[in-house]
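# Observations on chain architecture
What follows is each chain in one-letter form.
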Amino acid sequence: VGTGTGGAGTSLAMAIIIARHGDRTPANLLPDEGAISWNGCGVGRTDTMLLDGSKTAFSGFSYSPAPLSSPYAKGMWQGDCADGQLTAKGAAQHSALGASMRARWIDSLSLIPAIPEAALVSLRSTDVARTRESAERMLASFLPRGIAGGAAMPLTRRPFAVENMLSNPQKCPRFQERWNELTSSPLWISREKQRAPLRKTLDDILGTSHIAGWGTNPSIDHYFDALHCRSCHAKTLPCATKGGACVSEGMAKSIFAEGDWEYATLFSDEELTRLSVGSFVYELWKDVEAASYGKSPYKLGVRLAHDTTISPLLGALGAPAKYWVPYASHIEIELWLDASNRSASQILFFFNGASLNLPKCTGKRVGGGEEVGYYCSLDEFAAIAAPGEPVAFETACKAKKDTQSSRSGFFNSVTVPGMTQLSWMLVGAALAVGVMWVGRIR
C-alpha cells in the first residue's frame, strides 16, 4: 500500500482499498484441456453448514475432476481446482496485501485498533467465489485477532443486476453502445487485421474458431486468459489434439501484448470508464464526504472485485493503466482531514502503492524539500465523481441511437483492405454478442 502522510494539521480519518482478486485458474475452458492439472485451490478454506444447532455437517472445500473415462473429461483439466478459482498463489497474494494494510493503517497510523469494532470496517465483494475468498484471506492477515467480542465480520454483496463495481450494460445501454463504437473503430479494425494471422493459428491449435467469445469476439481476452494463467504457473502451453502443433512462447507473448493494448485502448476512453464504474466512484466520494463532516459510515473500507473494476476505475480517475492490471492490483484512497479547516483536507490516491497524479487534482506533497506525492482537495474529488451522480449517470447511460442500425451503417460505409466478406461476418457476429464480453468478470 501507499506511504507518507497528509499535510500539517491533518490526520487520517478514512481509508478505502479497492482490490482485484488474487491469482486464479483460467476462467475460459478450451474444448480440450489436454494433459494438464490444477491443484491446491481451497486449501485452508472451510465451507460449513449447520443443521438444527448440530455440529458442522460438512467441512473442507475441493472439487472432484471427472473420471478420465467420462465423455466430459477432456473439457476440463484434472485436479481439485475449478475454472476461475483462486489458487494458493492468489491466496498468498492477498495474505501479503492484508499484512501490508495492517502495517500501515493499524501499526503505523492507528486508523483503527488491532481488534476493532465491526462497525469500523466495511467489507464488500462481488458475488464471485474468488473475490469472496480473496476477502477472507486479506482479512485473516489484516485482522489476525479478529473483531471485538468475537463478532463475525459481515461481507456485503450485491446481486449482479444492481452491482456497480462492474459494467452493467442492461442498466446502462450507452456503455454497450460505446464499447461497440470503440471495437468497430478504424483503429480497432486495423489492429484486428494485423493480428488476424495469429488468431487463425491459435484457433487452429486450440479448436476455438467456432466458439462464441473466441474466434467470433473482437477482443482476444479469452486467449489471453487461457495462456496467461498457464504462463503464471509455468505450465505447458496447449497443443492441438491432431497434428502436434503447440502454442509457442512467442505466440503467448504476442497475445499478452495484444491484451495490454486492448485494455489501454478501452479504459483510457473517458466516456467508457465513467459509464462502467461512474456510479461506484460516486458512492466512494459520498463515503469520503460523510467522513469529512465527521459522519463516517466506517473507518476502513475494503472492496474486492476484478480487473474490469480496477482498470475502468483508474480511467475514470484520469490515470489509466497502459496494461492489463495484474492479480491483486489495488487502489487506495485516504482522507487526511483537517478538523479546523475542512477545505484544507487532502485525499491521497495510490495504485499498487505508488502515489497517483490525477490530472484534475492540483495538490503536491513535499518531503525533505522534494515532491513525494500528490493529493486532491475535497472539491476536486467531488468534480471527478460528479458524472456518477444518480440523475447525471442515468442520463449519460441512455443509448444515443439504435444499436443494430448503427452497426449496419458502419459496415456499409467503411472498407478496410484485406478484410474479406467472411472477416466482416465474423466481426459483425462478434459485435452482435459483444455483451458476452463486457458483462464478464475476470
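Look up a bit, the structure's there.
## Thoughts on the overall build of the chain
Within the chain one finds 13 helices and nine strands. Every one of the 442 residues in the chain was classed for burial, and the buried ones make up 50%. Considering only intrachain contacts with a sequence separation of at least 6, the fraction spanning at least 24 residues in the chain is 76%. For the chain, the exposed surface amounts to about 19,300 Å²; the carbon and sulfur share of it is 55%.

## Quick look at helix α5 (residues 221-232)
Spanning 12 residues, α5 covers 16 Å between terminal C-alpha atoms, matching the ideal 16 Å at 1.5 Å per step. Counting buried residues along α5, nine of its 12 residues qualify, which places the element largely inside the surrounding structure. By the burial criterion, the buried members of α5 are Asp221, His222, Tyr223, Phe224, Asp225, Ala226, Leu227, Cys229 and Arg230. The positive-phi residue at the C-terminal boundary of α5 is alanine 234, with phi of around 50°.

## A look at the nonpolar core
Ranked by size, the top nonpolar core spans 38 residues in total, and within it Ile18, Val288, Ile347, Phe349 and Leu358 carry the most contacts. At the level of elements, β1 (11-20), α7 (270-292), α8 (307-317), β5 (330-337), β6 (346-351) and α9 (378-385) are the ones that each hand at least two residues to this core. Here the element with the most residues in this core is α7; it accounts for eight residues. Apart from residues no more than four positions distant in its own chain, phenylalanine 349 is found in contact with Leu317, Glu332, Ile333, Ala354, Ser355, Leu356, Leu358, Cys376 and Phe381. Counting residues in each nonpolar core, the second largest holds 32 residues, with Phe175, Trp179, Leu198 and Ile205 among its members.

## With respect to the side chain of glutamate 332
Its location among the elements puts glutamate 332 in strand β5. For the buried glutamate 332, which has no salt bridge, the nearest side chain bearing the opposite charge is arginine 104, at an N-O separation of 6.1 Å. Among the polar contacts listed, one links the side chain of glutamate 332 to the side chain of histidine 330, at a separation of 2.6 Å. Setting aside residues no more than four positions away along its own chain, glutamate 332 makes contact with Val1, Gly2, Ile16, Ile17, Trp105, Leu348, Phe349, Phe350, Asn352 and Gly353.

## Observations regarding the state of the cysteines
Scanning the entire structure with this criterion turns up four disulfides. What pairs with cysteine 41 in a disulfide is cysteine 81, and their sulfur atoms sit 2.1 Å apart. Judged by the torsion about the S-S bond (100°), the cysteine 41/cysteine 81 disulfide is right-handed. Pair noted here: cysteine 41 is in the loop between β1 and α1 (88-108) and cysteine 81 is in the loop between β1 and α1, with a separation of 40 residues, a long-range link. The class for cysteine 81 is buried, based on a relative accessible area of 3%. Here cysteine 229 stays free of any disulfide, with the sulfur of cysteine 232 as its closest cysteine sulfur at 6.5 Å.

## Some remarks on the pairing of strand β4 (residues 300-305)
With respect to burial, β4 is a largely interior element, six of its six residues being buried. Across six bridges, the pairing between β1 and β4 is parallel. Paired with arginine 20 across the bridge in β4 is alanine 305. When strand β2 (residues 121-125) meets β4, the two strands line up parallel, connected through five bridges. Opposite serine 125, over in β4, you have leucine 304 as the bridge partner.

What counts and how
- Residues numbered from 1 in each chain as written.
- Predicted model: local features only at pLDDT ≥ 70, side-chain atom pairs only at ≥ 80, totals over all residues.
- Heavy atoms only, no water.
- Helix = DSSP H or I, 4+ residues; strand = E, 2+ residues; numbered from the N terminus.
- Buried < 20%, exposed > 50% of the residue type's maximum accessible area, 1.4 Å probe, protein only.
- Contact = heavy atoms within 4.5 Å.
- Areas by Shrake-Rupley, 256 points an atom, 1.4 Å probe, with all protein chains shown as cover.
- Expected span 1.5 Å × (residues − 1).
- Core = buried A, V, L, I, M, F, W, Y, C linked by side-chain atoms within 4.5 Å.
- Lys, Arg positive; Asp, Glu negative; His and termini not counted.
- Salt bridge = Lys/Arg side-chain N within 4 Å of Asp/Glu carboxyl O.
- Polar contact = N/O pair within 3.5 Å; in protein donor to acceptor, adjacent residues only side chain to side chain.
- Disulfide = S-S within 2.5 Å.
- Pairing = 2+ DSSP bridges.

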